[in-house]
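Fold and contact review
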Amino acid sequence: MRQSYRLGQYKQIALGHGQCCLDLEGALIARDRVGIQDFVLLDAHNSETAFLDNLKKRFTEDLIYTYIGTLLISVNPYKELDIYTKKQMDLYMGVNFFELPPHIYALADNVYHTMLSEANNNFILISGESGAGKTEASKKILQYYAVSCPSSTLLDTVRDRMLMSNPVLEAFGNAKTMKNDNSSRFGKYMDIQFDCQGDAVGGHILSYLLEKSRVVHQNHGERNFHIFYQLVEGGEEDLLRHLGLEKDTKRYSYLVQGECSNVSSINDKNDWKTVKNALSVIDFDANDIEHLFGIIASVLHLGNVHFDGDTKGYATLNTNAALRWLLGIHVQVLHEALTFRKIEAKSEEVLSPFTVDHAIYARDALAKAIYGRAFTWLVNRINESLENKDSGRKTVIGLLDIYGFEVFSVNSFEQFCINYCNEKLQQLFIQLTLKAEQEEYEAEGIGWEPVQFFNNKIICDLVEEKHRGIISVLDEECMRPGDATDLTFLDKLEEKMGNHPHFVTYKLADKKTRKSLERGDFRLLHYAGEVTYCVVGFIDKNNDLLYKNIKDVMRLSKNPIIQQCFPATEGDSRRRPETVATQFKNSLLRLTEILTAKEAWYVRCLKSNDNKQPGKFDEVLVRHQVKYLGLMEHLRVRRAGFAYRRRYEVFLKRYKALCPATWPHWKGVPSDGVEKLVQHLGYQPDEYKMGKTKIFIRYARTLFATEDAFEICKHELGKQKRTQKRHFNFFSYIISMFIKGYITRREAKTTDNSEYLAFVRQSYLNRLKDNLPKTVLDKTTWLTPPPVMTETSEILRQLHTRMMVRKYVRGITPQKKAQLQQKVVTSGIFKGKKDSYPSSIAVPFVDTRINEQDINMRVLQTIRHERIKYSVPVVKYDRNGFKPRPRQLILTQAAVYLVEEAKIKQRVDYVSLKGASLSNLGDSVMILHVALNDPKQKGDMILQCDHLFEALTKLAMIANKQNNIKVVQGSIKFEIQAGKEGGVDFSVGQEPMIYKGKNGHLMVVAPRIKSR
Ligand SMILES: Nc1ncnc2c1ncn2[C@@H]1O[C@H](COP(=O)(O)OP(=O)(O)OP(=O)(O)O)[C@@H](O)[C@H]1O
Ligand SMILES: [Mg+2]
């Protein structure tokens, strides 16, 4: 369980203190219920029995896939399992390798993501013996990429063509054998090309050594290539008529030798339709199709050409019927080519007749050549349709599905080549995993406990070594002058290989072994087991000779595919063409080079039983395969060593975001950065080792936990980036809207300026909030509004004023209130009329200016009953002569009094008081006008009062004379007595003065008031 905590820990590093969303342990626990999903976790990892038990336990639960680290083991279930649905594909897409149960999709997905993240080339080597499920596995991988890779119309075409190349190549290159009803009789290596976005953009196929001998000969229980049966069984009436074929496979001698043209697992009619459809997807037009099937039909017709012997034993043709259908070549020319050999002797050509056997040999050689070359043409043509001409950078995933190791009761040259190929691939596997593993540990200075494994190099050398290997001996025999035969070849082998531990013949064998050998056999002890080969046919098949005159005749064909297959340039070279085995050896060498330049992934297919029986687990058979595929050794290496290693630079580049010290840049040496990083992640000392150039991680789980953390971190970083981008976009939008809004700010509201105007409004309101007038009387500081806010500003200003007023009003005392009410009256009478009014506003009114104790007692006694309301000192000017005299002006409820000490000098009741006049200037003179209807009544009062506004306001209010106070410009007339008037003239001067003017008027000079 320790690992699960560690995983959580890594994730927390990535998430801060976020939640864990994946549960690796869950998958590990699931393993225990159905056996162990990864052999690396097997306790008894040295026990073959435990290994088999685990495989069997899982197989019986229909769990056919199991890992050894990243190597996938697949056991053929021989039944349809519900694990290849679209839903399953979706499940495995982008999920870490060990999070879900083992599956071919998990491997395919892992390879794909490794390719994308590391931008490197990869290949998947699918191996196993014939019928183990290699071709099925490769198809599943291709189907997975077809669904999981990004798609577009263009890519869909590439994808469909890649998928459809399969049924076509299987029709032409697969056949029923004793081991497998759909056995690949050619090797296939397919590159799937991806662009840097991970789109599948093209493909290329390399084919290896088609088993041509099958065209002319099939063992009992086996068939020719599928396409022959498909054409005959499924071909449309018209087509068959056009090709001269009958709808009966038994009519063709090339199809009847195995005596099993009908197989229950194969539906040739349906397959025909699939192939026809596939051909059209791969861009074959009607002409291509007609010519291609013309060739297939020709091969069948050729097989039906029978020879009789004449009296001398030479071959003759009793009917030319079949020749009619042969590739549009003149019948007579063909007839001659099939019964005579042209020998070039010095300057002339001599025709040498064939014996019957010879003619049959020549006919079969031609059939094989036609079919073999047409197959090569087909592969090239498919490659044209898959080709991606774009020169942009591509990475590839290679899929190698090559014929599996096979052992029949009689094994010939073909099995020798096939098994040699498997030997080479095993060697590659050893080199790339076991040996390379050890060497790398040594090179990196990491301690290594040697793991014993069988190195099959010794067998590869036995077959391919220059001048000494079996192929060299065979080639020598093929080329040497004289009568080389298969038996002389065997002699040579015995001579050269006599002591080799992996080689034995009847002659070389001990008594016991000899019992199982024929005289014409040789036996090789392959890595996968013993195989006895019968030498018959080795020389011929290796030579694969086609007489020159037959080739020349082929060039006369009207079929354009045949013309391409037999180019005129072919016969030019005097050099002998390479033998089949040497060609094959060289092509395998090139394949090895292609593969070693890529990162390797493995699918090891196992056959569960020999009878194609669903659900049967033949322990002996499986144990044998586990052994020769070196699976136990592979497991031991995995357990002894480290599951993962990466160059420091690569590791750091990928995971640096997981550690603050390495993110975003590590400036030091990469290995130091990696050390910092893994310490930050909390790797335990036993989990990793630092090599010279690489970090080695012991457990896959440690790595996957790191990878999970990285995925989450990447997600977070992506989110941050996206947020930044969103902010950037937002700001640039705001700026552009601001500019547009500014330009159109005076226009009516539109989508362009609405945001700007909103901004202007908000900004004004914000500024206004901080700059409001503080007092009711402060009328100047109201912020000037932008045009869009004029109306609002005015409403706000009024509201604010009202609010301040209300606040002010609430805060004032009853006395103050009374005073203010008086001030309001004052304002109503004088505001805007008299120059000295503004300066009076701020001067508060008082109740009275003369206390009662300062009024003479006698006066008081006289007027008290009228209730004194207000008193103020004044200067009274005589109506005649204008002599100034200080007086007290007393206002009672009923009348106004002018008092001098104890004397009431004048009383005017309010009824008799007509009103008051005063100038508009800054002086403080007032005239109280008296109604003179009573003869005792004195005239108007001319008074100067320092509290002019206060006195007049009190008078106006007490006597209810608000409307009778007049502000006058220039001069005021007054009544001295009834019928006699005087005047007061007002003017502005330097000094305030009051004096009697020459015109007999009172002259009042008011001070100049600046603010006017
Ligand atoms: N995953 C699978 N699920 C169901 N059936 C399978 C699976 N794999 C293989 N088979 C069955 O086994 C048969 C043989 O498989 P396949 O043709 O892939 O073998 P092969 O390894 O390519 O053999 P050869 O070397 O002869 O070409 C298939 O036709 C199919 O019936
Ligand atoms: Mg196959």
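Under an unreviewed UniProt entry, the chain has the name Myosin IHa and belongs to Cyprinus carpio. Turning to the chain, the UniProt record has this under Subcellular location (unreviewed entry): "Cytoplasm, Cell cortex". You can read under Sequence similarities (unreviewed entry) in the UniProt record for the chain the words "Belongs to the TRAFAC class myosin-kinesin ATPase superfamily. Myosin family."

**Here's the deal with the confidence of the model for the chain**
Chain-level pLDDT for the chain is 87 on average; 94% of the residues reach the 70-or-more range. Scored below 50 in pLDDT, residues 1–32 shows 65 contacts in the model against residues more than four places distant or in partner chains.

**Regarding the coordination of the magnesium ion (ligand 2)**
On the protein side, the magnesium ion (ligand 2) has T135 (OG1) and S184 (OG) as donor atoms, found 2.0 to 2.1 Å from it. Here the residue T135 occupies a position in helix α6 (residues 134–148), and S184 occupies one in strand β5 (residues 183–184), the gap between them amounting to 49 residues. For T135, a relative accessible area of 12% corresponds to the buried category.

**Some points on the UniProt feature "binding site: ATP" (unreviewed entry) in the chain**
UniProt tags G128, E129, S130, G131, A132, G133, K134 and T135 as "binding site: ATP" (unreviewed entry). Secondary-structure assignment places G128 in the loop between β3 (122–127) and α6. Discounting chain neighbours no more than four positions away, the residues touching G128 are K134, G404, F405, N422 and C605. By secondary structure assignment, the location of K134 is in helix α6. By relative accessible area, K134 is classed as buried at 6%.

**Description of the sheet that holds strand β30 (residues 993–996)**
Strand order in this open sheet of 4 strands is β28-β29-β31-β30, and the pairing throughout is mixed. The open sheet is flanked by β28 (971–977) and β30, the only strands paired with a single partner. Each strand axis lies, on average, 25° off the axis of its neighbour in the sheet, ignoring direction. Summarising the sheet, strand β29 (residues 980–989) and strand β31 (residues 1002–1007) pair through 6 bridges and their orientation is parallel. Its bridge partner being in β31, D985 is matched across the sheet by M1003.

**Quick notes on the site of ligand 1**
Contacts to ligand 1 come from 20 residues, most closely from S130, G131, K134, S183 and S184. Measuring from a nitrogen atom of ligand 1, one finds a side-chain N or O atom of Y84 at 3.1 Å. Between E136 and ligand 1, the recorded distance is 2.8 Å, taken from a backbone N or O atom to an oxygen atom. For ligand 1, the accessible surface in isolation is 630 Å², of which the surrounding protein chains cover 88%. Among the secondary structure elements, those contributing two or more residues to the shell around ligand 1 are α6 and β5. The biggest single contributor to the shell around ligand 1 is α6, with 3 residues.

**Comments concerning the packing of helix α13 (residues 286–303) against helix α15 (residues 356–386)**
It is at 9 Å that the axes of α13 and α15 come closest, and there the two elements cross at 160°. With respect to α15, the element α13 is oriented roughly antiparallel. Relative to α15, the crossing made by α13 is left-handed. Contacts between α13 and α15 involve D288, L292, I295, I296, V299, L302 and G303 on the former and, on the latter, R363, L366, A367, I370, Y371, A374, W377, L378 and R381. Considering only residue class, the contact of α13 with α15 consists of 12 nonpolar, 1 polar and 3 charged.

What counts and how
Residues numbered from 1 in each chain as written. Chains lettered and ligands numbered in written order. Predicted model: local features only at pLDDT ≥ 70, side-chain atom pairs only at ≥ 80, totals over all residues. Heavy atoms only, no water. UniProt positions renumbered as here; feature names shortened; annotations may be inferred. pLDDT = per-residue confidence, 0-100. Contact = heavy atoms within 4.5 Å. Donors = N, O, S within 2.8 Å, 3.2 Å for Na, K, Ca; no water. Helix = DSSP H or I, 4+ residues; strand = E, 2+ residues; numbered from the N terminus. Buried < 20%, exposed > 50% of the residue type's maximum accessible area, 1.4 Å probe, protein only. Pairing = 2+ DSSP bridges. Axes fitted to C-alpha atoms, helices over the stretch in contact; angles between N-to-C directions. Near = heavy atom within 4 Å. Polar contact = N/O pair within 3.5 Å; in protein donor to acceptor, adjacent residues only side chain to side chain. Areas by Shrake-Rupley, 256 points an atom, 1.4 Å probe, with all protein chains shown as cover. Parallel < 35°, antiparallel > 145°, perpendicular 65-115°, else oblique. Left-handed = near helix turned anticlockwise from the far one by under 90°. Nonpolar A, V, L, I, M, F, W, Y, C, P; charged D, E, K, R; others polar.

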